[in-house]
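Fold and geometry: a report
Now for the letters of each chain:
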Amino acid sequence: MSIATALDALVPLLGERLARSKSDLDLHAGSESHFPPIAPDAVAYPLSLAEVQALVAICADHGCPMIGWGAGTSLEGHGLAVKGGLVVDFTRMNKVLEIRPADMDVTVQPGVTRQSLNEELRATGLFFPVDPGANATLGGMAMTRASGTTTVRYGSMRDNVLGMQVVLADGRIIRTGSRARKSAAGYDLTALLVGSEGTLGLVTELTLRLHGIPEATSAGICAFPDMHAAVTAVMETIQMGIPMARIEFVDAATARAFTDYSGMQMAEAPHLLVEFNGSPESVAQDAERFGEIVADHGASTFRWSAREEERRALWALRHNGYYAILASRKGARALVTDICVPISRLADAVEQTQADIAASLIPGPILGHVGDGNFHAVLLVDPDQPAEMAEAQRLSHRMAERALALGGTCTGEHGVGMGKLSHMRAEHGEGWDVMGQIKQTLDPRNLMNPGKLVP
């Protein structure tokens, strides 16, 4: 019984959709993260629930690890086959199964991407709001409990997944949750599986909450003398009850990278990028109130617009932030890390992190979701200088320790994978052992994405 015998047994089931070519293996050997490539032994491209259940049964019989795969955009090595085995690529299970406009929900296969879902929904007046930046698959977003720029208003995947269909390690198929808006019926298995990073099973179907497309949207930008002023303005905005759809910040180094990358002129200073949703009247009123608040905190003139092309250009700039920062140091690789703290401690966390980076060997621009207390440092290293990678890892470790000391978490949205394993004991204590016991119960042979998330 071995990985090789498992793959031989999968051939009659999958035929040419069991790929073992170097090009397929290389495609599934890396990610957006800093980890070196680790190729699986093979890649499966299932088309149906029945195929997923059958391949799980075969792999279980032969002791072959299984790693779920979506778009491959994870940042903590979630999809890497660290124990070898089979990557299960869900990109061909990409159908929108049923849209129910009256109930404002939708059922999809896991390989549907967030952008393709919203294109499908366009005629309904509804949209799916979770926006991590990358055009990730919805299965991958659920498994990593993704969030992003719109979380401050619409919540993360935790808030927008109503239920799932999952194949467990022993081949059982379970359905979690329901389409009802609330339930008091037993353990919340949906919440357990959202964010489980494929360590408990393979998701084959999701039911998602939808939201109405706002009648009007406006977006704007303003610069601040320092990060503390920017964060204080955000806290006051939230306390005043102004309904923000997005509220992002970038530091001075990121603003400079944006200017160099896009040609859009930004002062070399901390900035807030914001968006308002609602009626034309409420959007204009919210923007005016926000402008008054930021002016009280020393911001430059708040520029906002309801024109769609200007709004899209602003958020395209933010979504391309990683690539703009990467381009700011030619030939660099990035260790991208994130933490999340209570919003009242965000300015402290950012300023202390900036001081650490300024005293280090490497640059590390900062940007993030200020309305959530979540920010990212893009630590730029020369791949030919091991000392720089060691420095980036040291800075990332200090960020995580700082977050925990301030009452936060070592990762707001990137997830654990294998990159944040070293912080789980400090964050969860014996709770981490409980996670391991759940894993042991549902996957006693450790075949589902081994080496990630749990002890």
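Our structure is the block above this text.
Report on the accompanying structure. Since this is a predicted model, take the numbers as computed values, not measurements. (Residues numbered from 1 in each chain as written. Predicted model: local features only at pLDDT ≥ 70, side-chain atom pairs only at ≥ 80, totals over all residues. Heavy atoms only, no water.)

1. Focus on the packing of helix α9 (residues 227-239) against helix α11 (residues 280-296)
Packing of α9 against α11 leaves a shortest axis separation of 9 Å and a crossing angle of 140 degrees. Regarding the angle of α9 to α11, the classification is oblique. Read as a crossing pair, α9 and α11 show a hand that is right-handed. Every residue of α11 that contacts α9 at Ala233, Glu236 and Thr237 is listed here: Phe290, Ile293 and Val294. Its residues assigned to classes, the contact of α9 with α11 comprises 4 nonpolar, 1 polar and 1 charged. (Axes fitted to C-alpha atoms, helices over the stretch in contact; angles between N-to-C directions. Helix = DSSP H or I, 4+ residues; strand = E, 2+ residues; numbered from the N terminus. Parallel < 35°, antiparallel > 145°, perpendicular 65-115°, else oblique. Left-handed = near helix turned anticlockwise from the far one by under 90°. Contact = heavy atoms within 4.5 Å. Nonpolar A, V, L, I, M, F, W, Y, C, P; charged D, E, K, R; others polar.)

2. Considerations on the sheet that holds strand β3 (residues 66-69)
With mixed pairing, the 4 strands of this open sheet are ordered in space as β1-β2-β4-β3. On the outer flanks of this sheet lie β1 (18-19) and β3, each paired with one strand and no other. In the sheet, β1 pairs with strand β2 (residues 42-44) via 2 bridges, with the strands oriented antiparallel. Each bridged residue has a counterpart across the sheet, and for Leu18 the counterpart in β2 is Ala44. (Pairing = 2+ DSSP bridges.)

3. Some thoughts on the pairing of strand β9 (residues 173-177)
Bridge count between strand β8 (residues 161-168) and β9: 5 bridges; the pairing is antiparallel. Its bridge partner lying in β9, Val166 is registered against Ile174. The antiparallel hairpin formed by β8 and β9 contains 4 residues in its connecting segment, where Gly171 sits at a positive phi of about 90 degrees.

4. Focus: the packing of aromatic side chains
Centre distance and the angle of the planes are the two values used to describe a pair of aromatic rings. In this structure the tally under the stated criterion is 5 aromatic pairs. Centroid distance Phe276 to Phe290: 5.9 Å. Interplanar angle 65 degrees. Geometry classified as edge-to-face. Of this pair, Phe276 sits in strand β14 (residues 271-278) while Phe290 sits in helix α11, and the two are 14 residues apart along the sequence. Judged by its relative accessible area of 0%, Phe276 is buried. We classify Phe290 as buried; its relative accessible area is 0%. Measuring from ring centre to ring centre gives 5.1 Å for Phe290 and Phe302, while their planes differ by 70 degrees; the resulting arrangement is edge-to-face. Residue Phe290 is located in helix α11, and its partner Phe302 is located in the loop between α11 and β15 (303-305); the two are separated by 12 residues in the primary sequence. Members of the aromatic cluster, each reached through a chain of ring pairs, are Phe276, Phe290 and Phe302. Directly above the ring of Tyr45 sits Arg92, whose terminal nitrogen or CZ lies 4.3 Å from the centroid. The aromatic ring of Trp315 is capped on one face by Arg246, whose charged end is 5.0 Å from the ring centroid. (Phe/Tyr/Trp six-rings, centres within 6.5 Å; stacked < 30°, edge-to-face > 60°. Buried < 20%, exposed > 50% of the residue type's maximum accessible area, 1.4 Å probe, protein only. Lys NZ or Arg CZ within 6 Å of the ring centre and 35° of its normal.)

5. Some words on α11
Over its 17 residues, α11 extends 25 Å from the first C-alpha to the last, a length consistent with the 24 Å expected when each residue adds 1.5 Å. For α11, the full list of buried residues reads Val283, Asp286, Ala287, Phe290, Gly291, Ile293 and Val294. Down the axis of α11, the buried set is contained in an arc of 165 degrees. They therefore lie on one face. Among the exposed residues of α11, those oriented more than 90 degrees off its buried face are Glu281, Glu288 and Asp296. The elements touched by buried residues of α11 are β12 (216-223), α9, β13 (244-250), β14 and β15. (Expected span 1.5 Å × (residues − 1). Arc of directions from axis to C-beta.)

6. Quick notes on the sheet that holds β8
If you walk across this open sheet you meet the 5 strands as β5-β6-β10-β8-β9, and the pairing is antiparallel. Of all the strands in the sheet, the pair left with one neighbour each is β5 (96-100) and β9. For this sheet, the mean inter-axis angle between neighbouring strands, taken without regard to orientation, is 15 degrees. The sheet contact formed by β8 and strand β10 (residues 201-209) spans 7 bridges and is antiparallel. Counted as the bridge partner of Val161 is Leu208 from β10.

7. A few points about helix α4 (residues 114-121)
Those residues of α4 not exposed but buried are Arg114, Leu117 and Leu121. Taken down its axis, α4 places every buried residue within 60 degrees of arc, on the same side.

8. A word on the environment of Cys59
When you line up the elements, Cys59 lands in helix α3 (residues 49-62). Taking the relative accessible area as the measure of exposure, Cys59 reaches 0% and is therefore buried. In sequence terms Cys59 and Val434 are 375 residues apart; their C-alpha atoms lie 26 Å from each other. Non-local contacts of Cys59, meaning those with residues more than four positions away in its chain, are made with Leu10, Cys64, Met66, Leu86 and Leu447.

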